[in-house]
Amino acid sequence: MAEPLYVGVDRSDESWVAVAFTGDGFDHASVFDSIGACWSAYEERARRILVGVPIGLVESGEPDRRCDELARSVLGARSPTIHTPPVREATRKQRYSTANRVHKRKTGHDLSERAFERSDSLARVDELLQELPEAATAIRESHPEVCFRAFAGEPLSYPKRTAGGYAERMRSLAQYDRDAAPTVQKAAEATGGTAVTIDDVLDAVVLAYTAVPGDGDLYTLPPEPPRDAAGLPMEIVYRAASPLLT
């Protein structure tokens, strides 16, 4: 019987980057056109899949999820990387003006253009988890910046697409696993011929390291996540020796 897989999935500009580990370490990396294709590839073997997009969505009222507020509080200079997601109805809109109008009507707040840029990804994941309960048991929300923060033991200082940011993130991974550098190299090589960038690979790798059983424990922001109207948890999963917040 094939070993179970633990997968980290990051949404790049044009695709979904997946890095898969077994309990013994790196197994492979793949690039998918859709989250549905990604789930189809792993549904038989995946024990846990951590995706770097919001899952539990607000319907109306206060738009900021508690998990996002807590993530900002632990990220320091990197807190602007946490965007308030559109309300569920707004994720289904194709134009920013329409999505913003829906979001403002439901929450009283404007929707940022940056948050809207990934709204289609949120909608596709949301639909998958509502249509396939078995997917909802395996797929959970995480955030690469929170995972890096947890492994580093302190907030990071630089954006991920800068040289300083790359160095910080590689150092964070190396602190967690001395074989992290060759793991990143293997994952990057596996995505050759695609438009995937190295920061997309790094994000998927840190999500995979968080997903696979290893040093530390899995925690969530907040510790007892609420559920949205569809029953999906509003959480950010991370791995650490102790909780980031007490």
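An account of the accompanying structure is given in this report. (Residues numbered from 1 in each chain as written. Predicted model: local features only at pLDDT ≥ 70, side-chain atom pairs only at ≥ 80, totals over all residues. Heavy atoms only, no water.)

Observations regarding the packing of helix 9 (residues 163-176) against helix 10 (residues 180-190)
Any two packed helices are characterised by how steeply their axes cross, that is the angle between the axes, and by the distance between the axes. The condition that has to hold: Lines fitted to C-alpha atoms define the axes here, with helix axes fitted over just the stretch in contact, and angles between the N-to-C directions of these axes take values from 0 to 180 degrees. Starting at the N terminus, helices and strands are each numbered in turn, a helix being any DSSP run of H or I of at least four residues and a strand any DSSP run of E of at least two. Should an angle fall under 35 degrees it is called roughly parallel, over 145 degrees roughly antiparallel, and 65 to 115 degrees roughly perpendicular, with every other angle called oblique. Contacts: residue pairs with any heavy atoms within 4.5 Å of one another. When residues are grouped by polarity, Ala, Val, Leu, Ile, Met, Phe, Trp, Tyr, Cys and Pro land in nonpolar, Asp, Glu, Lys and Arg in charged, and all others, Gly among them, in polar.
Running from N to C, helix 9 and helix 10 cross one another at 120 degrees; their axes reach a closest spacing of 8 Å. Taken together, the axis directions place helix 9 and helix 10 in an arrangement best described as oblique. Across from Met170, Leu173 and Ala174 in helix 9, the residues of helix 10 making contact are Ala180, Ala181 and Val184. Of the residues belonging to the contact of helix 9 with helix 10, the class tally is 6 nonpolar, no polar and no charged.

Remarks on the pattern of salt bridges
Convention followed: One speaks of a salt bridge when a side-chain nitrogen belonging to Lys or Arg is within 4 Å of a carboxyl oxygen belonging to Asp or Glu. With a 1.4 Å probe rolled over the protein chains alone, any residue whose accessible area is under 20% of its type maximum counts as buried; one over 50% counts as exposed, and the rest are partly exposed.
Taken as a whole and assessed by the stated rule, the structure comprises 23 salt bridges. Between glutamate 59 and arginine 88 there is a salt bridge, and its shortest N-O distance comes to 2.6 Å. Residue glutamate 59 is found in the loop between strand 4 (46-51) and helix 2 (66-75), and its partner arginine 88 is found in helix 3 (residues 88-91); the two are separated by 29 residues along the sequence. Owing to a relative accessible area of 9%, arginine 88 belongs among the buried residues under this scheme. Here glutamate 168 makes a salt bridge to arginine 169, at a shortest N to O gap of 3.9 Å. For glutamate 168, a relative accessible area of 11% gives the class buried. Among the charged side chains, a network of salt bridges with common partners joins Glu59, Arg88, Arg92, Asp120, Arg124, Asp126, Glu127 and Asp228.

Some words on the pairing of strand 4
For clarity, the cut-off: Note on pairing: two strands pair once DSSP finds at least 2 bridges between them.
The element strand 4 is extensively covered by neighbouring structure, given that 5 of its 6 residues are classed as buried. With 5 bridges connecting them, strand 1 (residues 5-11) and strand 4 associate as parallel partners. In the sheet register, valine 9 faces strand 4, and the bridge partner there is valine 51. Bridging between strand 4 and strand 5 (residues 139-141) involves 3 bridges; their strand directions are parallel. Residue leucine 50 lies in a different strand from strand 5, and its bridge partner there is arginine 140.

Concerning helix 6 (residues 119-131)
The criterion, for reference: To estimate how far a helix should reach, multiply one less than its number of residues by 1.5 Å.
Taking 1.5 Å as the rise per residue, helix 6 with 13 residues should run 18 Å; its terminal C-alpha atoms sit 18 Å apart, in good agreement. What helix 6 keeps buried is the set Ser119, Ser121, Leu122, Ala123, Val125, Asp126, Leu128 and Leu129.

Side note on the sheet that holds strand 2 (residues 16-22)
One open sheet holds the 5 strands; their spatial order is 3-2-1-4-5, and the pairing between them is mixed. Two strands bound the open sheet, and with one partner strand each, they are strand 3 (25-32) and strand 5. Between one strand axis and the next, the sheet turns by 20 degrees as a mean value, whatever way the strands run. Against the sheet, helix 10 contacts strand 2 and strand 3, and its axis sits at roughly 30 degrees relative to strand 3.

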